[in-house]
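Tertiary structure, described
Each chain, letter by letter, is given below.
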Amino acid sequence: MPCKVILGAQWGDEGKGKFIDIFAEGADLVVRSQGGNNAGHTVVAGGEQYKLQLIPSGILYPNCVNIIGPGVVVDPRNVLREIDGLTAKGISCDKLFIDARAHCILPWHLALDALSEAEKAEQGTAIGTTKKGIGPTYMDKAERSGIRMHDFVDEVRFESVMREACARKNRVITGVYGAEPIDADAVIAEYRVYADRLRSMVRDTSVMTYEAVQQGKEVLFEGAQGTLLDLDMGTYPYVTSSHPVAGGCCIGSGVGPTAISQVIGIFKSYTTRVGEGPFPTELFDETGDYIRKAGGEFGTVTGRARRTGWFDAVVARYAVRVNGLTDVVINKIDPLRGLPKLKVCVAYRLKNGQTVTELPANFMELEGCEPVYEEFDGFTEDITGCRSWDELPAAVQDYIRQLARIIGCKITMLGVGPARDQVITLA
Ligand code: GDP
Ligand code: IMO
Ligand code: MG
């Protein structure tokens, strides 16, 4: 059975949770391979809304194994809170496993994320992180001083690795930032309880994933964040600290690229971004407000208002290229209803007068650039009940056809509402 990657093709929040949930119906394994609880993936099923942060979006299917892979960063307190929330709603987490290699997000990472952002804010360079400790945890991993799950749940090593890490981080917290040190005893007492609860879930999940692939089972890789937030390929430094691009799922799950045959990029029919950084098609006018309101563009986890703008086909073509997309999904078309014209950015006119159709590697060149738009007719009909191409108004059909032409990739699904069944599959 071919493995599918489902990933965000813009700046996150494209509706990955909804599509993972849809594709997970027949899947045996859903694997998260990067990021942490900075993600907020919404699944609407049976009239109920589930907001998943770290737990893979296959969790609603009792037969599906859900894996938090080696490349993910895990906040023990947060993941247990999520497990408890799902269990209270009658969703079993018995088939949830965490890789032994995954790094732990600990209180000092949360503190350092906040301190670093506050310092950058004073200099006008804040990233606008989710303050979930993601960056500092990946920093420790790269520095080779992080605590991995196998040490965290090791009854013998737990206290010494925690105490040593806390002491080292306190030197930075107090010495560099002049902030209050973290009380190691209190953290150890609190987190020992979490370690005891998580121990039975910790495995070598790369073996589980490999065996599933070998046995021809259906494996889905669930991307978090989005292509333009990738540490290398995104709008650096306004990015996250992991690899949301397709290649990241191999590194972060321990499975080689030959296992993957389909890479599905999820786009919104417009663009949003949370946090700081370049966003050429951003709208600061009433159209931007209209889209924000119609699309409910407020952070799933943080509640922050998302920045909104027109569909950016320069970004879309870039996402097709760097992810090797085989399929494109255009989600959230319904919020565009009522706008007289729909615009799609096909190039940027840079401040130096040059017009470019590729994203510059130095994304700062985008500052002050002017988007070059193609314009299409809007639609006024309610499309949330449409379930086939033929039911869509002519203007929507035209918009999708134009997007396929401009992006240069097959569009295989459309989203017309938040629920599982509010999709249109194209032949
Ligand atoms: P993710 O992070 O990519 O999983 O996306 P989020 O869950 O953060 O944000 C997507 C939001 O849009 C959620 O509130 C979804 O319930 C909602 N949503 C998903 N698909 C659609 C759609 O086709 N139409 C509308 N109106 N809302 C949608
Ligand atoms: P999902 O999976 C949208 C953004 C933050 C910030 C930057 C760095 O729901 O699409 P971080 O806390 O990761 O260090 O923040 O990345 N960001 C997201 N934006 N959706 C997400 O996840 C995001 N996860 C991180 O807003 O700009
Ligand atoms: Mg989200």
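Structure's up top.
Structure report, in brief. (Residues numbered from 1 in each chain as written. Chains lettered and ligands numbered in written order. Predicted model: local features only at pLDDT ≥ 70, side-chain atom pairs only at ≥ 80, totals over all residues. Heavy atoms only, no water.)

Let us look at the environment of lysine 293. With respect to the element layout, lysine 293 can be found in helix α10 (residues 286-294). Once the C-alpha coordinates of lysine 293 and valine 79 are considered, the two residues, 214 residues apart in sequence, prove to be 30 Å apart. (Helix = DSSP H or I, 4+ residues; strand = E, 2+ residues; numbered from the N terminus.)

As a further point, take the site of ligand 2. In the vicinity of ligand 2 there are 20 residues, among which Lys16, His41, Thr130, Gln225 and Thr240 approach most closely. Within the side chain of arginine 304, an N or O atom sits 2.9 Å from an oxygen atom of ligand 2. Out of a free accessible area of 550 Å², ligand 2 has 98% covered by protein chains. Broken down by class, the residue content of the shell around ligand 2 amounts to 7 nonpolar, 10 polar and 3 charged. (Near = heavy atom within 4 Å. Polar contact = N/O pair within 3.5 Å; in protein donor to acceptor, adjacent residues only side chain to side chain. Areas by Shrake-Rupley, 256 points an atom, 1.4 Å probe, with all protein chains shown as cover. Nonpolar A, V, L, I, M, F, W, Y, C, P; charged D, E, K, R; others polar.)

Further remarks concern the coordination of the magnesium ion (ligand 3). Around the magnesium ion (ligand 3), the donor atoms from the protein are Asp13 (OD) and Gly40 (O), and they sit 2.0 to 2.2 Å away. Of this pair, aspartate 13 sits in the loop between β1 (3-8) and α1 (16-23) while glycine 40 sits in the loop between β2 (29-32) and β3 (41-45), placing them 27 residues apart in sequence. With relative accessibility at 22%, the residue aspartate 13 sits in the partly exposed group. (Donors = N, O, S within 2.8 Å, 3.2 Å for Na, K, Ca; no water. Buried < 20%, exposed > 50% of the residue type's maximum accessible area, 1.4 Å probe, protein only.)

As a further point, take the sheet that holds strand β20 (residues 423-425). Judged by pairing direction, the sheet is mixed, and its 10 strands sit side by side in the order β9-β7-β5-β2-β10-β1-β11-β15-β19-β20 without closing on themselves. Edge positions in the sheet fall to β9 (202-203) and β20, since each of these pairs with one other strand and no more. Both strand β11 (residues 260-268) and strand β15 (residues 327-331) contribute to a ladder of 5 bridges, which runs parallel. Residue glycine 265 lies in a different strand from β15, and its bridge partner there is valine 328. The strands touched by helix α12 (residues 394-407) are β15 and β19 (411-415); relative to β19, the strand with the most contacts, the crossing angle is about 135°. (Pairing = 2+ DSSP bridges. Contact = heavy atoms within 4.5 Å. Axes fitted to C-alpha atoms, helices over the stretch in contact; angles between N-to-C directions.)

So, about the pattern of salt bridges. Applying the stated criterion to the full structure yields 27 salt bridges. Two residues, arginine 168 and glutamate 164, come together in a salt bridge whose shortest N-O distance is 3.4 Å. Of this pair, arginine 168 and glutamate 164 both sit in helix α6 (residues 158-175), 4 residues apart, which is roughly one turn of the helix. Counted as one network, the salt bridges with shared partners bring together Asp13, Lys268, Glu297, Arg306 and Lys332. (Salt bridge = Lys/Arg side-chain N within 4 Å of Asp/Glu carboxyl O.)

Glancing now at the packing of aromatic side chains. This model, assessed by the stated rule, comprises 7 aromatic pairs. On the numbers, 5.8 Å between centres and 45° between planes, the contact of phenylalanine 267 with phenylalanine 311 is tilted. Placement of the pair is phenylalanine 267 in strand β11 and phenylalanine 311 in strand β14 (residues 311-312), with a sequence separation of 44 residues. The residues phenylalanine 267 and phenylalanine 311 share a single accessibility class, namely buried. Here a set of aromatic residues connected by ring pairs shows up, and it is made of Phe152, Phe158, Tyr191 and Tyr194. (Phe/Tyr/Trp six-rings, centres within 6.5 Å; stacked < 30°, edge-to-face > 60°.)

Here we take up the pairing of strand β10 (residues 219-222). Burial of β10 is two-sided: the residues Val219 and Phe221 facing one way and the residues Leu220 and Glu222 facing the other way are all buried. The pairing of β1 with β10 spans 3 bridges and is parallel. The partner of valine 5 across the bridge, within β10, is phenylalanine 221.

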